[in-house]
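So you can see what is in the structure, the chains are spelled out below.
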Amino acid sequence: MLTRSTISPALAAELLATAHAMADAARSASLPHFRAAGLAADNKLSAGFDPVTIADRDAETAMRAVLAERRPEDAILGEEHGVTEGQSGLTWVLDPIDGTRGFISGTPTWGVLIGLQDRDGPFYGIVDQPYIGERFEGGLGRALLTGPHGTIPLGAQPSGSLAQATLFTTFPEVGTEAERLAFERVRDRVRLTRYGMDCYAYALLAAGQVDLVIEAGLNAYDISAPIAVIEAAGGIVTDWQGGPVHEGGQVLAASSAGLHGAALKLLQPV
């Protein structure tokens, strides 16, 4: 069974090529629907609103087709089409459009998430924003942003303290009432708090633009790729207890150990 420690340079090159081929395929499948007139969105929830569109489904189908051709022995966990068992020991974790609410609203803050993990969690990831043309990748010896400014290294840039930090989360309510109150204890200590960025917030942390991302109620496909990208850029991603979070739940991403520790302390129950 393959693990990150047994991947040869030749296999690493194959995995990288496969990941980029999937990202390209998802771009081609999703972009024609972005800001298109009459785009329909189905609701996954009986109470609340969790939209899914033809772009979500087609993008995951396109990525799965790449894997069927190039890496049929690998397992797949996808948001829209579920689990496909594999034999290699590697699993591709796919979110074809993270931020569908943003997608249907016309904001270019959604992204395609591609994570690659072994039994210990993710070790390579891509966060791709097709409309802007930005691709953040980390792991397998890479930490790069390719976009309108060319290809540049990723690197988390820590602030000196919480009082200088910029914090992101997607929903102001964060999760349960207790989770919201915990989040607000951090919010009240930072310089700037922004909302609604979905996966793009994690990409900005890896690029050195923001310092903290705090969320709750995530699924594995929401966080696998961001973990790999942020860790490759020198950041830290855990749950609210400081443990692994690649299976989802409460997420704390930080640009440095100092900021992570300070935020982690405030997130604990009072």
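Here, the structure is the one placed above.
Residues numbered from 1 in each chain as written. Predicted model: local features only at pLDDT ≥ 70, side-chain atom pairs only at ≥ 80, totals over all residues. Heavy atoms only, no water.

1. A closer look at the overall build of the chain
Now for step 1: The secondary structure content of the chain amounts to 7 helices and 15 strands.
Now for step 2: Relative to the globule expectation of 18 Å for 270 residues, the C-alpha radius of gyration of the chain, 18 Å, shows essentially globular dimensions.
Now for step 3: Seen along its three principal axes, the alpha-carbon backbone of the chain occupies a region of about 50 × 45 × 35 Å.
Now for step 4: Counting every position in the chain, which comprises 270 residues, the buried fraction comes to 55%. (Helix = DSSP H or I, 4+ residues; strand = E, 2+ residues; numbered from the N terminus. Rg over C-alpha atoms; globule rule 2.2 N^0.38 Å. Buried < 20%, exposed > 50% of the residue type's maximum accessible area, 1.4 Å probe, protein only.)

2. A word on the sheet that holds strand S9 (residues 142–147)
Now for step 1: A sheet is described by the order of its strands in space; here 8 strands give the open sequence S4-S3-S5-S6-S7-S8-S9-S10, paired in mixed fashion. The outermost strands of the open sheet, each flanked by one partner alone, are strand S4 (82–84) and strand S10 (150–153). Neighbouring strand axes in the sheet, compared pairwise and without regard to direction, differ in orientation by 15 degrees on average.
Now for step 2: Against the sheet, helix H1 (residues 9–30) makes contact with strand S5 (91–98), strand S6 (111–118), strand S7 (121–129), strand S8 (134–139) and S9, and its axis sits at roughly 35 degrees relative to S7, the strand it touches most. (Pairing = 2+ DSSP bridges. Axes fitted to C-alpha atoms, helices over the stretch in contact; angles between N-to-C directions. Contact = heavy atoms within 4.5 Å.)

3. Quick notes on the pairing of S9
Now for step 1: As judged from the 5 bridges shared by S8 and S9, these two strands associate in the antiparallel manner. Looking across to S9, one finds that glycine 139 is bridged to arginine 142.
Now for step 2: Hairpin remark: S8 followed by S9, antiparallel, with 2 residues in the connecting loop; positive phi at leucine 140, about 55 degrees.
Now for step 3: Where S9 hands over to S10, the hairpin turn is made up of 2 residues, counted between the paired strands.

4. Structural notes on the environment of valine 237
Now for step 1: For valine 237, the position within the fold is in strand S14 (residues 236–238).
Now for step 2: Residues valine 237 and leucine 252 lie 15 residues apart in sequence; the distance between their C-alpha atoms is 5.7 Å.
Now for step 3: Residue contacts for valine 237: discarding those within four places in its chain leaves Ile223, Ile227, Ile230, Glu231, Val245, Val251, Leu252 and Ala253.

5. Let's talk about the packing of helix H5 (residues 199–206) against helix H6 (residues 220–232)
Now for step 1: Closest axis-to-axis distance for the H5/H6 pair is 9 Å, and the angle between their directions is 10 degrees. It follows from the interaxial angle that H5 and H6 lie roughly parallel. Contacts from Tyr202, Leu205 and Ala206 of H5 reach H6 at Ile223, Pro226, Val229 and Ile230.
Now for step 2: A per-class count over the contact of H5 with H6 returns 7 nonpolar, no polar and no charged. (Parallel < 35°, antiparallel > 145°, perpendicular 65-115°, else oblique. Nonpolar A, V, L, I, M, F, W, Y, C, P; charged D, E, K, R; others polar.)

6. A closer look at helix H2 (residues 54–70)
Now for step 1: With 17 residues, H2 should cover 24 Å at 1.5 Å per step; its first-to-last C-alpha distance of 24 Å lies within 8% of that length.
Now for step 2: Where H2 is concerned, the buried positions are Ala55, Asp56, Ala59, Glu60, Met63, Arg64, Val66 and Leu67. When H2 is viewed along its axis, its buried side chains cluster within an angular range of 165 degrees and face the same direction. Exposed positions of H2 whose direction lies more than 90 degrees from the buried face are Ala68 and Glu69.
Now for step 3: Two or three places before alanine 55, at the opening of H2, threonine 53 has a side-chain oxygen 3.1 Å from that residue's backbone nitrogen. (Expected span 1.5 Å × (residues − 1). Arc of directions from axis to C-beta. Polar contact = N/O pair within 3.5 Å; in protein donor to acceptor, adjacent residues only side chain to side chain.)

7. Comments concerning the nonpolar core
Now for step 1: Core analysis: the largest hydrophobic core is formed by 30 residues, its most contacted members being Phe136, Leu154, Tyr202, Ile223 and Val237.
Now for step 2: The set of elements that each furnish at least two residues to this core consists of S9, H5, strand S13 (212–219), H6 and strand S15 (248–254).
Now for step 3: At 8 residues, the largest contribution of residues to this core is made by H5.
Now for step 4: If you look at the next biggest cluster of nonpolar residues, it comprises 26 residues, including Leu11, Ala25, Ala59 and Trp92. (Core = buried A, V, L, I, M, F, W, Y, C linked by side-chain atoms within 4.5 Å.)

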